[in-house]
Protein chains: 2
Amino acid sequence: MSDETVTSRAADATAGRPALQALLTDAQSGVLLFGITPPRQSAAPDEVRQIAAVTIARLAPLDVDGLVLYDIDDESDRNLDERPFPYLPTMDPAVFQADYLAGWNRPVVVYRCVGKYLEADLRSWLSKADSRKVLSVFVGASSSQKAVHTGLPRAHALRQEIRPDLLVGGVAITERYIRSGDEHLRIVAKQEKGCAFFVSQVIYDVDATKSLVSDYFYACLEQKVAPRPILFTLSVCGSLKTLAFLKWLGVGIPRWLENTLRYAPDPLAESYHHCVVAARELSTFCRRLGMPFGFNVESVSIRKVEIEASVALAAHVHAVIDRPP
Amino acid sequence: MSDETVTSRAADATAGRPALQALLTDAQSGVLLFGITPPRQSAAPDEVRQIAAVTIARLAPLDVDGLVLYDIDDESDRNLDERPFPYLPTMDPAVFQADYLAGWNRPVVVYRCVGKYLEADLRSWLSKADSRKVLSVFVGASSSQKAVHTGLPRAHALRQEIRPDLLVGGVAITERYIRSGDEHLRIVAKQEKGCAFFVSQVIYDVDATKSLVSDYFYACLEQKVAPRPILFTLSVCGSLKTLAFLKWLGVGIPRWLENTLRYAPDPLAESYHHCVVAARELSTFCRRLGMPFGFNVESVSIRKVEIEASVALAAHVHAVIDRPP
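Computed from a prediction, not measured in an experiment: that's the story for all the values here.

About the criteria used
Residues numbered from 1 in each chain as written. Chains lettered and ligands numbered in written order. Predicted model: local features only at pLDDT ≥ 70, side-chain atom pairs only at ≥ 80, totals over all residues. Heavy atoms only, no water. Axes fitted to C-alpha atoms, helices over the stretch in contact; angles between N-to-C directions. Helix = DSSP H or I, 4+ residues; strand = E, 2+ residues; numbered from the N terminus. Parallel < 35°, antiparallel > 145°, perpendicular 65-115°, else oblique. Left-handed = near helix turned anticlockwise from the far one by under 90°. Contact = heavy atoms within 4.5 Å. Nonpolar A, V, L, I, M, F, W, Y, C, P; charged D, E, K, R; others polar. Buried < 20%, exposed > 50% of the residue type's maximum accessible area, 1.4 Å probe, protein only. Pairing = 2+ DSSP bridges.

Caption draft 1: Focus on the packing of helix 10 (residues 240-248) of chain B against helix 11 (residues 255-263) of chain B. Residues and elements named next belong to chain B. Two numbers describe how helix 10 lies on helix 11: the axes approach to 10 Å, and their chain directions differ by 155 degrees. The orientation of helix 10 with respect to helix 11, classified from their angle, is roughly antiparallel. Handedness of the crossing formed by helix 10 with helix 11: left-handed. Mapping the contact onto sequence places L240, L243 and K247 in helix 10 and E258, L261 and R262 in helix 11. Counted by class, the contact of helix 10 with helix 11 contains 3 nonpolar, no polar and 3 charged residues.

Caption draft 2: Structural view of helix 10 of chain B. Residue and element names in this part refer to chain B. Here helix 10 has its buried residues at T242, L243, F245, L246 and W248. Those residues of helix 10 that are buried lie in contact with strand 6 (197-202), helix 11 and helix 13 (304-320). Of the residues flanking the end of helix 10, it is G250, one or two places downstream, whose phi is positive at about 95 degrees.

Caption draft 3: The packing of helix 9 (residues 206-223) of chain B against helix 12 (residues 267-289) of chain B, seen in detail. Residues and elements named next belong to chain B. Interaxial distance between helix 9 and helix 12 falls to 11 Å at its minimum, and their mutual angle equals 20 degrees. It follows from the interaxial angle that helix 9 and helix 12 lie roughly parallel. Of the two elements, helix 9 crosses helix 12, and the hand of that crossing is right-handed. Contacts between helix 9 and helix 12 involve V206, T209, K210, V213, S214, F217 and Y218 from the former and A278, E281, L282, F285, C286 and L289 from the latter. In the contact of helix 9 with helix 12, the residues fall into 9 nonpolar, 2 polar and 2 charged.

Caption draft 4: Examining the sheet that holds strand 7 (residues 230-235) of chain B more closely. Residue and element names in this part refer to chain B. Pairing is parallel in the closed barrel, where 8 strands are placed in the order 1-2-3-4-5-6-7-8. When strand polarity is set aside, the average angle formed by the axes of neighbouring strands in this sheet is 30 degrees. Alignment of strand 1 (residues 31-36) against strand 8 (residues 293-298), held across 5 bridges, turns out to be parallel. Among the inter-strand pairings, G35 is bridged to a residue of strand 8, identified as E298.

Pasting the structure below:
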């Protein structure tokens, strides 16, 4: 795909649908993002350029509102079990965005595992980021034992001080809600620190996610604050190895769904079906409640067949949520 | 309604659909039961006759396969919290069936909280029960601390010895599955003791119930035994007091659904809607899995509006499960 095509699609978009930042600020429902992991750190610049071009070409037919770039942290402190896929250090998503994604003409949500960065580095990135092109999601430490350079509250304070115009979001974790029961209150607290939106971890437990959303919605009602949009992350699962990886990542999978995937002749098709059902169920639930929502589609696996299924899923979710153009 | 009407409907049924006993023995899906609590012990015979007549008239338009009569036990040992509705001792369901339900021409599933009965009494009832008209569900003690006259294994052994022709079922409890994780194995064990079918506790947690069913189905596959039908019990919830009672009974209600019912302008309509959705979801899930299933509709509340909604729900569930005539 040529750069011209990208430009023309982006120009069309500019004429019609508001930019991601405006949609989130206005708490509009129906935002659709696509999430990817930056190339591995050891990749040569030519290879990174090639990966960027392939990614942009792959996503061009999708009318998504933005791209999500994850910031991968070595989470071995959180989970001592063997990682089903080896941990390979990946590029800083901020570098990948700034140096290689000029061809992508929509906003990019750059994740920041803030604990990895010295305050000076975070400060420097914040002051340079172009808020028309970049949003961020701040992620805290993967465990309370982990030593951090910059804590999450400090990162939020820095953003408020240096770049109040840069839209920042937080993470919403269903499994933490199941464990501790107060994730909805953590979300309200993050919103008070400046989070304008939230992105969930990969969701397989739709029922518990509905409970988290419901408790969050009614906590906002009680505290007389407007709920911020939550973007639900969906990822297909094409093999038992991906299933093991999802579990390693801490994704809660209801037993019936795990059984279904284990016994399915084609787990990829089965998980794709369940992601579409999840999108439909969460949309219906949020619309009925009056809760702003959107979706983020990614592939936790780097297998080509799973990445391609994720792209198809994003198009399918686009249709399911019946997003205005 | 006259007795003639009942007879003519029963005769129609005899010509078409097999009797409840045959449907369960053959592990057919689509059985539909209606559950009621016998009149209170203090009711005079005339009043009991009147209650029986009203009940039969109310259920006549429903083409259910049978009636369930609960055996109410004082479960205060299980739950020390105050019971939202007071405990009123009720008639022995076996007596209500034998002495007052001659006008009901379909089978009756008589529950037996076996721990309440001396072995001699259970033996006597078993030897007299007419297996063309009566089935039973044996229920164990409500807590392990409770002193019992007859234990569940002994009751099953008695039935095997005295009346192997009398069809007996067991209970399936989603909440025990959530707590202990082995309810599906308990069900397999009960089936080995002679249970031909299972009736669930009232279900509000559809997702966990799907997990229980799935684990049971695959445990049967592994142990090379055919799964027995599970009948899912649904009950509407017309007020916050009924909600409190459901929770007192140990019914697990997902947080989102509890919030929905609490904030609903009309909790009865809301819970009715969710019961229909539950029937649809459980039917689809079981059919896809190849698991035999059916439904049992009851009202845990004795308020007239809730009982009438239960009758409407049974008719609705009849349509949802698309039961052959």
